[in-house]
Amino acid sequence: MTLSASRMQSASLSLPIEGMTCASCVRRVEKALAGVEGVESVAVNLATERADIRAAAALDTTALVQAVEKAGYRVPAATTELAVRNMSCASCVGRVERVLRAVPGVTGVAVNLATERASVQGVASEQALLDALSRAGYPGQLLGEASAEVDAARREGERRALWRDLLTAVVLTLPVFVIEMGSHLIPGMHHLVDRTIGMHNSWYLQFVLTSLVLILPGRRFYRQGIPALLRLAPDMNSLVAVGTAAAYGYSLVATFLPALLPSGTVNVYYEAAAVIITLILLGRYLEARARGRTSEAIQRLVGLQPRVAHVQRDGQLVDVPVTEVQTGDLLEVRPGERIPVDGELLDGRSYVDESMITGEPVPVEKTLGSQLVGGTVNQTGAFILRATAVGGQTVLAQIIRLVEQAQGSKLPIQAVVDRVTMWFVPAVMGAALLTFLVWLLVGPQPALTFALVNAVAVLIIACPCAMGLATPTSIMVGTGRGAELGVLFRKGEALQLLRDAAVVAVDKTGTLTQGHPVLTDLELAEGFDRAAVLALVAAVESRSEHPIARAIVEAAVEEGLSLPELTDFESVTGMGVRARAQGRQVQVGADRYMRELGLDVALFADTAERLGREGKSPLYAAVDGHLAAILAVADPIKAGTPEAIDALHRLRLRVAMITGDNQITARAIADRLGIDEVIAEVLPEGKVEAVRRLKAEHGRLAFVGDGINDAPALAEADVGLAIGTGTDVAMEVADVVLMSGDLRGVPTAIALSRATIGNIRQNLFWAFAYNTALIPVAAGVLYPAFGLLLSPMFAAGAMALSSVFVLGNALRLRRFGKSGQLTVA
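Residues numbered from 1 in each chain as written. Predicted model: local features only at pLDDT ≥ 70, side-chain atom pairs only at ≥ 80, totals over all residues. Heavy atoms only, no water.

Trainee: I tried to follow the side chain of D521 on my own but got confused; where do I start?
Mentor: Positionally, D521 belongs in strand β21 (residues 518-524). Overall, D521 belongs to the buried group, its relative accessible area being 12%. A distance of 3.3 Å separates the side chain of D521 from the side chain of R610, its partner in a polar contact. In this structure D521 touches R610, L611, K616, I630, L631 and A632, once residues within four positions along its chain are discounted. (Helix = DSSP H or I, 4+ residues; strand = E, 2+ residues; numbered from the N terminus. Buried < 20%, exposed > 50% of the residue type's maximum accessible area, 1.4 Å probe, protein only. Polar contact = N/O pair within 3.5 Å; in protein donor to acceptor, adjacent residues only side chain to side chain. Contact = heavy atoms within 4.5 Å.)

Structure, rendered in structure tokens:
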């Protein structure tokens, strides 16, 4: 393995070691590690397969790994998934990533604000990662320690706490807002307050109520924002804390020590502090609700698995939790129930709704030997199945893992956002300080009041919540909607790369076509019966193992025909086969065989010409010396393929077919489907070369395949899409898996990619343009010309609105339909 070199500022490190089998292995690993510069002591434990290394100064992780590998052992790089708390904005994301990267042994980090998760690659211990997060003020937890239900319960608890704080803040803030703003907006209100409780007494009342707002619902901002500020790592909470504290502190001085302020500047801004806290709590509550909706796709997938299974144990049918079902168990599934685990049908038959896997609503017939997928819905009959995969090995569990991985990944576009937001909060605080100084030095009187109000407005308006949510929320909703449509994005970056595809290259067999030969044509000469001829031909072909022969036999079996017994079977080299069946002489072969028998095939000339145009090789059958039928066996085009190719063309994409089949057959299929370019008669390595050439000629390329021989081309393509009914190897290499096995999933995936990236761009434009445009307004640039200032209260409301807009815009992707339009689902 290769890990990026980095000097780690730590005196100890624990490395996992693979390949050790005995005490001599331990000594060899210890000797290899002790030889690395800076290492003071090494302790290798065979039982735990770990090496604990101590050094006086920094450790070079790469040098340690190379030493272990040179000794003949391996240091596996693991991926640790963490739930991270207290992140509130994009700057938090950048700080968490920086903290985790500094842990010895970490080689890669991706943090997602919307899912509140961090994915860490490398050899660092889990405890070291958790300790680093705690020190930075972002406590973490291993995802494995909490089930989906526990995580959902935690999020629901947080939403309830936000709702409670929001209600408290509203009740306490409303009187403050009415007293202070009413005095400015409602005629006579100022005199009413002055006559009843007195203006100064109203300040005391505002002081009490605002203090309660800051101490009770507002304490969350100070509890997180002040420590972050002291660590010189300010975040959104720091901006709110500083802004409200400034307004509150100034009001305290005006209320209790007015003599300290210059004449004409004695004013209170309690309402600004209280309303800011209330509005930001409102924004956070709406965010929390919307974030819950972004993960609904995962929640729905998790909810598809039933809790209880009917299992045969000791001759009895008992209900057990699905978590206790074991591989090999026999389960009964009744009409209307969800299938508990993956299995094979042993007894009975039914129709099963597999739409949650394939996205296709038409139920699929299941008979003896059919494979069943856990979570799908049994429709009509009862049956017995044998469990073949349980727990985390089921198709549903794997789908959930793939969707979670895609939702937690970062797109290339996010790198730009991360670079900007890392400096955004410090820059905002600098802009607020500059605003304060400019107004204080050159502003009109009362200069101190103007300086304070505008500086607070700058702090509040610029909170980068929307920036941090812009990309991950769209990814979450887009990949979740894709899973519901049978399109699994195994890698989140495929969302962005697929959008820019210029050409779609497809394999033929198993992708455009069904992947196995079937009898497609059977035309009879006058006086012959279809069933009788097909039974005779199938009986003769039953002695052959050729795929064409098997296809004819399968067609007869599917039509319920019984095959007569054969005698005198003979294979005529280069011609065909012959035998006697039911006392009748039957010959099957090519046209030259018929001519050798003295039979004129001109009767079927038009049919033979048509079959040739379609890339099919005709066979002829003779019965008792008379030409009886013309047959053709081919790999038929899948029902949805023409529609898929048409949809790709409507998306303005060029379609190419890469196949190992012969040129005539490939060209015939391409002409029927309207495929733009054909590359035929290529071996697997030739497919890779063809992919490279198409990329060079046309630009970004998506390749669609299903077989083991497609795996190299899937890996070489910019985006590889695997047919879900294909091989495991192809699906492991691919970036996107089409669960239905239907090529119509390709335009769906591309249209969804375009919709998602377009959604992200809208979000980013709103977030960046909004913040960039309103910071100068909050600083007061419109005041000299128009006399306009942005109140801190309106700044807080606008900031909350920005995040809610971004989340609401992302949620529009839930209505994405297979047509590629944002229609109502």
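So, next bit.
Trainee: Whenever I open this one, the pairing of strand β13 (residues 342-348) confuses me. Can you help?
Mentor: Sheet faces and side chains relate simply in a regular strand, where the side chains alternate between the two faces. Two strands pair when backbone bridges link them, and β13 and strand β18 (residues 383-389) are joined in this way by six bridges, in the antiparallel orientation. Bridge pairing in β18 links L345 to L385. Pairing between β13 and strand β16 (residues 371-372): two bridges, direction antiparallel. Counterpart to G343 in the pairing with β16 is L372. (Pairing = 2+ DSSP bridges.)

Trainee: Hey, could you run me through the sheet that holds strand β20 (residues 503-507) in this one?
Mentor: Hydrogen bonds between backbone atoms are what pair the strands of a sheet, whose relative direction is either parallel or antiparallel. Judged by pairing direction, the sheet is mixed, and its seven strands sit side by side in the order β19-β31-β30-β29-β20-β27-β28 without closing on themselves. Whereas interior strands pair on both sides, the edge strands pair on one side only; in this sheet they are β19 (487-489) and β28 (677-679). Averaged over all neighbouring strand pairs, the angle between strand axes comes to 20 degrees, with direction disregarded. As defined by bridge partners, β20 adjoins strand β27 (residues 654-658) across five bridges and the pair is classed as parallel. Directly across from V503, in β27, lies its bridge partner R654. The strands touched by helix α24 (residues 663-673) within the sheet are β27 and β28, with β28 carrying the most contacts at an inclination of about 160 degrees. (Axes fitted to C-alpha atoms, helices over the stretch in contact; angles between N-to-C directions.)

Trainee: How do you make sense of the packing of aromatic side chains when you look at a structure like this?
Mentor: Within the structure shown, the criterion is met by nine aromatic pairs. What links up through ring pairs into an aromatic cluster is the set Y204, F207, Y248, F256 and Y270. (Phe/Tyr/Trp six-rings, centres within 6.5 Å; stacked < 30°, edge-to-face > 60°.)

Trainee: So what exactly am I meant to see when it comes to the packing of helix α23 (residues 641-650) against helix α28 (residues 745-779) here?
Mentor: Each packed pair of helices is defined by two parameters, the angle between the axes and the distance between the axes. It is the contact of α23 with α28, at a shortest axis distance of 8 Å, that shows an interaxial angle of 25 degrees. On the basis of the axis angle, α23 is roughly parallel to α28. Residue-level contacts link A644, A647 and L648 of α23 to V746, P747 and I750 of α28. The residue inventory of the contact of α23 with α28, partitioned by class, reads six nonpolar, no polar and no charged. (Parallel < 35°, antiparallel > 145°, perpendicular 65-115°, else oblique. Nonpolar A, V, L, I, M, F, W, Y, C, P; charged D, E, K, R; others polar.)

Trainee: For this particular structure, what's the right way to read helix α20 (residues 547-558)?
Mentor: Side chains three or four residues apart in an α-helix point the same way, a direct result of the helix having 3.6 residues per turn. For α20, with 12 residues, the first-to-last C-alpha span of 16 Å sits near the 16 Å given by 1.5 Å per residue. Every buried residue belonging to α20 is among A549, A551, I552, V553, A555 and A556, and all of these are buried. Structurally, α20 contributes buried residues whose contacts are with β21, α19 (530-541), β25 (618-623) and β26 (626-634). Count one or two residues on from α20 and you reach G560, which has phi positive near 75 degrees. (Expected span 1.5 Å × (residues − 1).)

Trainee: When you look at the UniProt feature "transmembrane region" (unreviewed entry) in the protein chain in this model, what are you seeing that I'm missing?
Mentor: Residues annotated by UniProt as "transmembrane region" (unreviewed entry) correspond here to residues 162-182, 202-218, 239-261, 267-286, 420-442, 448-471, 764-786 and 792-811. Taken end to end, residues 267-286 is 85% helix and 0% strand, and its first and last C-alpha atoms sit 33 Å apart. Segment residues 764-786 splits into 87% helix and 0% strand. End C-alpha atoms: 30 Å apart. (UniProt positions renumbered as here; feature names shortened; annotations may be inferred.)

Trainee: Help me understand the nonpolar core in this model?
Mentor: The nonpolar side chains of a soluble globular protein tend to be buried, and buried together. By size, the foremost hydrophobic cluster in this structure holds 51 residues, and its most contacted members are L214, Y269, I277, L281, V458 and I461. At 10 residues, the largest contribution of residues to this core is made by helix α10 (residues 270-294). (Core = buried A, V, L, I, M, F, W, Y, C linked by side-chain atoms within 4.5 Å.)

Trainee: Sorry, what's going on with the pattern of salt bridges here?
Mentor: If charged atoms from side chains of opposite charge come close, those side chains can pair. In total, this model carries 27 salt bridges according to the counting rule given. R499 is paired through a salt bridge with D500; the nearest N and O atoms lie 2.5 Å apart. Residue R499 is classed as partly exposed on the basis of its relative accessible area, which comes to 28%. Taken together, the shared-partner salt bridges in this structure form one network comprising R654, E677, R693 and E697. (Salt bridge = Lys/Arg side-chain N within 4 Å of Asp/Glu carboxyl O.)

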